[in-house]
Amino acid sequence: SSLMEDFSSSLRRELSKGLTTEEDPQHNNRGLIAYEECTVESINPPDHPIVPVFAASYPGSGSQMTHYLYEALTGVPAGIIKLTRGDDHQVISIKTHYPAQTTNVKGAEEMDRVILQLRNPLNALPSFASFRFEVQNGFPDHTVYAPDKFWIEWRDKNFDKALEDWVNHLEYWVDNYDNTQDKRIVISYENLINEETGPEETEHIAQFLGNGKGVTTVSPEIIPCVWDKVVNYEKNTGRKLLADFVAHDNEWAEKNGDKARSLIKTYYEEIDGAVARKLFHCCDDPLHPLASHRKGAHAPYTFTEQQLQTMINELTMIKERYMSKSTEDHLERILTQYVEEVEEQMKEGARG
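Keep in mind that this is a model prediction, so the values were computed, not measured. (Residues numbered from 1 in each chain as written. Predicted model: local features only at pLDDT ≥ 70, side-chain atom pairs only at ≥ 80, totals over all residues. Heavy atoms only, no water.)

Caption draft 1: Just the sheet that holds strand S6 (residues 114–118), in detail. Pairing is parallel across the open sheet formed by 5 strands, whose spatial order is S4-S5-S3-S6-S7. Strands with a single pairing partner mark the edges of an open sheet, and in this sheet they are strand S4 (79–80) and strand S7 (184–188). In the sheet, strand S3 (residues 53–57) pairs with strand S5 (residues 93–96) via 4 bridges, with the strands oriented parallel. Within S5, the position partnered with Ala 56 by the bridge is Thr 96. Of the strands in this sheet, S3, S5, S6 and S7 are in contact with helix H4 (residues 148–176), which crosses S6 at around 155 degrees. The strands touched by helix H13 (residues 329–348) within the sheet are S6 and S7, with S7 carrying the most contacts at an inclination of about 25 degrees. (Pairing = 2+ DSSP bridges. Helix = DSSP H or I, 4+ residues; strand = E, 2+ residues; numbered from the N terminus. Contact = heavy atoms within 4.5 Å. Axes fitted to C-alpha atoms, helices over the stretch in contact; angles between N-to-C directions.)

Pasting the structure below:
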């Protein structure tokens, strides 16, 4: 599976190839990123050593979006764990999912600061499941929503372990990096993509990054513009329904005909009949006359009532643990929001 998202290639075209991708470890010089109301200098390696921050998140929490945001705020490339060492001193941040995933940043002896990015497990777990679906079926990253059938099977097999990993991930970074010594900030995906709170959250990020030795960030007055161009672009791109991807990505369908046919057979409830006819080159749908005709936005993934209650219990326990620390007000507010969102989902009734 390619490390580069559909978002990254599209964004580079739209913004004069000003942002780096995960497949670009050398981060060659680029032209200016021309925004409508603001211009961010080209993304280049620093001319002096920089100690990067950990960009820590549970998988499925929107870390690729903030990868680009950190670059746009500083003009310095952001790195990923597979391609970058902490002692390279060439990037502003290094993305890591440790300890939810077992590998952490190499050469990290000097790294002592972290941006911990959270996303409600109500949404982070389904996003991670979609990533697993992409990996298993050879799709580029962040291009296809996992079908509901795949999601339910993955959810019921992996829910307990996935939620445990989400909790352990948060506790590891909060417990080991002191937010009172400018060693950690906590941000939330939900706040970042919200039009009311997103620019302020981005200012918080820029201030933290700018406190790093030798790091310069964009001027405060253009931060809302940078937020708008990077975050809102990502919000309006990204994953598609499986049927839409297979129907419209001709290059992928031509290269992966057998895989496409297999997916249609397995997930026929979610594939429009016209897609099957296109791939099978015949006038009638040979597999499933009752194929789904669903189009448009992806419906929210669901959890069982027991799973939602478990989520509420775990989030509440974490919140109460850190409530005793007067320095964790921001984290407490985020966790309170998450509990309320899961409770609302409970009221709507669990499906699946």
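Caption draft 2: Examining the packing of aromatic side chains more closely. Applying the stated criterion to the full structure yields 15 aromatic pairs. Each ring, one from Phe 128 and one from Trp 154, has its centre 5.9 Å from the other, and the planes form 85 degrees; the classification is edge-to-face. One end of the pair, Phe 128, is in helix H3 (residues 121–137); the other, Trp 154, is in helix H4, and 26 residues separate them in sequence. Assigned by exposure class, Phe 128 and Trp 154 land together as buried. Ring pairs connect the aromatic residues Tyr 58, Phe 128, Phe 131, Trp 151, Trp 154, Phe 159, Tyr 301 and Phe 303, which therefore count as one cluster. Against the face of Phe 208 rests Arg 113, its NZ or CZ located 3.9 Å from the ring centre. When the ring centre of Tyr 189 is taken as reference, the NZ or CZ atom of Arg 119 above it lies at 4.1 Å. (Phe/Tyr/Trp six-rings, centres within 6.5 Å; stacked < 30°, edge-to-face > 60°. Buried < 20%, exposed > 50% of the residue type's maximum accessible area, 1.4 Å probe, protein only. Lys NZ or Arg CZ within 6 Å of the ring centre and 35° of its normal.)

Caption draft 3: The pattern of salt bridges, seen in detail. Under the counting rule described, the total for this entry stands at 9 salt bridges. Among the salt bridges present, the one from Asp 87 reaches Arg 85, with a minimum N-O distance of 2.9 Å. Owing to a relative accessible area of 38%, Arg 85 belongs among the partly exposed residues under this scheme. Where Asp 165 meets Lys 161, a salt bridge forms, and the shortest distance between an N and an O atom there is 2.9 Å. (Salt bridge = Lys/Arg side-chain N within 4 Å of Asp/Glu carboxyl O.)

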